[in-house]
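One-letter residues, chain by chain:
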Amino acid sequence: MKGPKALNAININHVYLADKQRRVFSLFTMSFIAVLLISALVVANFYIYAPILTVMLIVSDITIVTCLYYYFRTGMLVIITSIILVIIALLCIALVYTGGKDNTALYWLMFYPVVTFVCLGLRNGSLLVGLIYVSVLVLLYGPDISQVHYREVEKSRFFAAFTVLVLLSFISEFFRNKSHQQIADITLLEKQDALTDPLTGLANRRYIIDYVLPQCDKNPQVYLPMALLLIDLDNFKALNDSYGHDFGDQALLAFSDMLDEQLRISDIKARFGGEEFIVLLLKTDIEQASRVADKVRAYVANKAIPYNISQSVHISCSIGISDILHSSQFHKAVKQADRYLYKAKAAGRNQVMSSYHAAKKSARQT
Ligand SMILES: Nc1nc2c(ncn2[C@@H]2O[C@H](COP(=O)(O)OP(=O)(O)OP(=O)(O)O)[C@@H](O)[C@H]2O)c(=O)[nH]1
């Protein structure tokens, strides 16, 4: 069995969108509380705090609100969250330096690791939490530069509690992130499975209906005009009867490789069922598609498929072509291509039939 090579377009954006919503919601909740607290600090302690700290608090408030405004305009979640959390980290460090109101600064730090891991994830969160952890460690136990002196017992109790909190926040984010990734992987695999032919790894009918046509509707300039090739392997029953069902499977696999070898990566190749395939040639008209189909037909007919060490087998295919000028024409186009395919079979198989071939034939006759 081959991998789902044709299905790169499948995405699981909804899984990532849910995670983004979680982060956005956390960012706004955190920012709302931060702005409220900072404003309350400014108002309540206007005469107590040093003017520099008051100015810092006001500037921080304004910067946080401006950042949120820019998030609405640009959607740059990680950068804006990082800026806001750096501002809050600097404020926390300044609070520890000054002691805050009645030396309560250390208590406010307790929120920081939880909020930072939730909003920024494991990697960026670890950087910022590490920064604040080291800064506070230096302020409390390093050179005596702080404006306040915390009691030894207060410092050691704070550090024990803070360290446990940092570790728990890290562990919980680590496992949340891991399970989120596993859910994303499983969702992607399930989605690919549902849209893939298990034998050839090509797309299936559902992929065309559920993915290609809606995409074609959204971005017609990328897809249209589109040519539809309905391809059926010739005398496949006889091949199965002569060489066995396993070799029949091998021939289907070899045929899907031939499609890959002959067509562009951007062309959509799907197994429609049994020994019938559909190829959608993007931005291709009937004349170009007829040439491509002739090339594929000749290639398939000439390529030998090894049966055993001494023997190989040739297969052939018949192709009917139609064109699609709007995604709504798909089902009609399949029926039209099927009519041409029937003509190709009736004309002796190993043939391509399309309106272009029909026009050429009648031009030759006149
Ligand atoms: N090995 C194998 N055979 C399959 C598979 N799917 C369908 N078939 C066989 O393909 C054969 C198709 O036979 P028919 O529909 O009579 O067509 P045909 O023999 O190719 O004849 P024409 O299409 O008229 O050239 C059937 O015998 C199916 O059993 C598959 O996945 N593997």
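Residues numbered from 1 in each chain as written. Predicted model: local features only at pLDDT ≥ 70, side-chain atom pairs only at ≥ 80, totals over all residues. Heavy atoms only, no water.

## Looking at the site of the ligand
For step 1, the next point in the chain: Lining the immediate surroundings of the ligand are 16 residues, of which Asn235, Phe236, Asp249, Arg271 and Arg349 lie closest.
For step 2, the next point in the chain: At 2.8 Å from an oxygen atom of the ligand is found a main-chain nitrogen or oxygen belonging to asparagine 235.
For step 3, the next point in the chain: Relative to its unbound accessible surface of 670 Å², the ligand loses 67% to contact with the protein.
For step 4, the next point in the chain: Within the residue set of the shell around the ligand, elements represented by two or more residues are strand S1 (226–233), helix H9 (236–243) and helix H10 (245–262).
For step 5, the next point in the chain: Of the residues in the shell around the ligand, the class split is three nonpolar, five polar and eight charged. (Near = heavy atom within 4 Å. Polar contact = N/O pair within 3.5 Å; in protein donor to acceptor, adjacent residues only side chain to side chain. Areas by Shrake-Rupley, 256 points an atom, 1.4 Å probe, with all protein chains shown as cover. Helix = DSSP H or I, 4+ residues; strand = E, 2+ residues; numbered from the N terminus. Nonpolar A, V, L, I, M, F, W, Y, C, P; charged D, E, K, R; others polar.)

## What about the pattern of salt bridges?
When charged atoms on two side chains of opposite charge get close, those side chains can pair.
For step 1, the next point in the chain: Following the criterion strictly, the structure yields 14 salt bridges and no others.
For step 2, the next point in the chain: Between aspartate 197 and arginine 271 there is a salt bridge, with the nearest N and O atoms lying 3.2 Å from each other. Here aspartate 197 is found in the loop between helix H6 (152–194) and helix H7 (205–218), whereas its partner arginine 271 is found in strand S2 (residues 268–273), with 74 residues between them in sequence. Grouping residues by exposure puts aspartate 197 and arginine 271 together as buried.
For step 3, the next point in the chain: Ionic pairing is found between arginine 264 and aspartate 267, a salt bridge with its closest N-O pair at 2.9 Å.
For step 4, the next point in the chain: Note on arginine 264: relative accessible area 40%, which makes it partly exposed.
For step 5, the next point in the chain: The network of salt bridges with common partners includes Asp19, Arg22, Arg23, Glu173 and Arg176. (Salt bridge = Lys/Arg side-chain N within 4 Å of Asp/Glu carboxyl O. Buried < 20%, exposed > 50% of the residue type's maximum accessible area, 1.4 Å probe, protein only.)

## Some thoughts on unusual backbone geometry
For step 1, the next point in the chain: That bond from leucine 224 to proline 225 is cis: its omega, 0°, falls within 30 degrees of zero.
For step 2, the next point in the chain: Within the secondary structure, proline 225 is located in the loop between helix H8 (220–223) and S1.
For step 3, the next point in the chain: Residue asparagine 235 is not a glycine yet carries a positive backbone phi of 50°.
For step 4, the next point in the chain: Note on placement: asparagine 235 falls in the loop between S1 and H9.
For step 5, the next point in the chain: The class for asparagine 235 is partly exposed, based on a relative accessible area of 47%.
For step 6, the next point in the chain: In the Ramachandran plot, lysine 283 falls in the positive-phi region, its phi being about 50° despite a non-glycine side chain.
For step 7, the next point in the chain: On the secondary structure map, lysine 283 appears in the loop between strand S3 (276–281) and helix H11 (286–302).
For step 8, the next point in the chain: With relative accessibility at 44%, the residue lysine 283 sits in the partly exposed group.

## Thoughts on the environment of isoleucine 278
For step 1, the next point in the chain: Tracing the chain through its elements places isoleucine 278 in strand S3.
For step 2, the next point in the chain: The exposure class assigned to isoleucine 278 is buried, which follows from its relative accessible area of 0%.
For step 3, the next point in the chain: For the pair formed by isoleucine 278 and asparagine 204, sequence separation is 74 residues and the distance between their alpha carbons is 9.0 Å.
For step 4, the next point in the chain: Contact partners of isoleucine 278, with chain neighbours within four places excluded, come to Ile208, Leu228, Leu229, Leu230, Ile268, Lys269, Ala270, Phe272, Phe330 and Val334. (Contact = heavy atoms within 4.5 Å.)

## Quick notes on the packing of H11 against helix H13 (residues 355–365)
For step 1, the next point in the chain: The contact between H11 and H13 brings their axes to 8 Å, and the two run at 90°. As the angle between them shows, H11 and H13 are arranged roughly perpendicular. Together, Ile286, Glu287, Ser290, Arg291 and Asp294 of H11 and Ser355, Tyr356 and His357 of H13 make up the contact between the two elements.
For step 2, the next point in the chain: Of the residues that constitute the contact of H11 with H13, the class distribution is two nonpolar, three polar and three charged. (Axes fitted to C-alpha atoms, helices over the stretch in contact; angles between N-to-C directions. Parallel < 35°, antiparallel > 145°, perpendicular 65-115°, else oblique.)

## Regarding the domain arrangement of the chain
For step 1, the next point in the chain: Each assigned domain of the chain is listed with its residue range as follows: domain 1 (13–189) and domain 2 (205–365).
For step 2, the next point in the chain: Placing the centre of domain 1 and that of domain 2 at their C-alpha centroids yields a distance of 59 Å. (Domains from an automatic or database assignment.)

## Focus: the environment of valine 148
For step 1, the next point in the chain: Summarising the element assignment, valine 148 is placed in the loop between helix H5 (111–141) and H6.
For step 2, the next point in the chain: Between the C-alpha atom of valine 148 and that of threonine 98, which follows or precedes it by 50 residues, the distance is 6.1 Å.
For step 3, the next point in the chain: Once you skip the residues sitting within four places of it in the chain, valine 148 turns out to touch Val96, Tyr97, Thr98, Gly99 and Asn103.

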